[in-house]
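Summary of the model geometry
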Amino acid sequence: MREFNMAIVGLGGVGGIIADNMFAFTRSTIFDWGLKNLLFVDRDTYSQRNIPRQKAAGRMLGRNKAVAWRDIYMSSKYNRSGVKFL
């Protein structure tokens, strides 16, 4: 089996949806997909204007978006895969 890494650049409205889907992908028990590292890249921070569009915004105000997503997935009770979130 081949191993691979993936990056999501931009964690706004679209990138956040992709991040959620990729997290679900890492939890799949049907196949061993080979994903080893999922890198989040975004220089922006959460502000009040993000709250209506982005699910993490309300509890992550002022935090960097990439760091917020990494922390959410690393601390998730559903993170049972060997994937590293960076």
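It should be emphasised that the depicted structure is a prediction, and the values quoted were computed from it without experimental measurement.

1. Remarks on a nonpolar patch on the surface
A cluster of nonpolar residues, Val9, Leu39, Val41 and Leu86, forms a patch on the protein surface that exposes about 340 Å² of accessible area. With respect to the helices and strands, the residue Leu86 is situated in the segment after strand E3 (84-85).

2. Observations concerning the sheet that holds strand E1 (residues 4-9)
Strand order in the open sheet formed by three strands is E1-E2-E3, and the pairing between neighbours is parallel. Both outer strands of the open sheet, E1 and E3, are each paired with one neighbouring strand and no more. For strand E2 (residues 35-41) and E3, the ladder comprises two bridges, and the chain directions are parallel. Counted as the bridge partner of Leu38 is Phe85 from E3.

3. Description of the confidence of the model for the protein chain
Averaged over every residue, the pLDDT of the protein chain is 80; the share at 70 or more is 81%. Here E3 stands out as the element of the protein chain with the lowest mean pLDDT, 80, in contrast to E1, whose mean of 88 is the highest.

4. Observations concerning the side chain of Asp42
Tracing the backbone through its elements, the reader meets Asp42 in the loop between E2 and helix H2 (65-75). For the buried Asp42, no salt bridge is present, and the opposite-charge side chain at shortest range is Lys65, 4.7 Å distant. Looking at Asp42, its side chain comes within polar contact range of the main-chain nitrogen of Leu11, at 2.7 Å. Polar contacts involving the side chain of Asp42 include one to the main-chain amide nitrogen of Asp44, which spans 2.8 Å. Leaving out residues up to four positions away in the same chain, Asp42 has contacts with Gly10, Leu11, Gly12, Asn64, Lys65 and Ala66.

5. Section: the pattern of salt bridges
Counted under the stated rule, the structure contains three salt bridges. The salt bridge partner of Asp44 is Lys65, with a shortest N-O separation of 3.1 Å. Of this pair, Asp44 sits in the loop between E2 and H2 while Lys65 sits in helix H2, placing them 21 residues apart in sequence. On the basis of relative accessible area, Lys65 is assigned to the buried category, the value being 4%. With its nearest N and O atoms 2.8 Å apart, the salt bridge here joins Asp71 to Arg70. Several salt bridges converge on common partners, so that one network encompasses Arg63, Arg70 and Asp71.

Definitions and limits used
Residues numbered from 1 in each chain as written. Predicted model: local features only at pLDDT ≥ 70, side-chain atom pairs only at ≥ 80, totals over all residues. Heavy atoms only, no water. Patch = residues over 30% accessible without salt bridge, like charges linked within 9 Å, V, L, I, M, F, W, Y side chains within 5 Å. Areas by Shrake-Rupley, 256 points an atom, 1.4 Å probe, with all protein chains shown as cover. Salt bridge = Lys/Arg side-chain N within 4 Å of Asp/Glu carboxyl O. Helix = DSSP H or I, 4+ residues; strand = E, 2+ residues; numbered from the N terminus. Pairing = 2+ DSSP bridges. pLDDT = per-residue confidence, 0-100. Buried < 20%, exposed > 50% of the residue type's maximum accessible area, 1.4 Å probe, protein only. Lys, Arg positive; Asp, Glu negative; His and termini not counted. Polar contact = N/O pair within 3.5 Å; in protein donor to acceptor, adjacent residues only side chain to side chain. Contact = heavy atoms within 4.5 Å.

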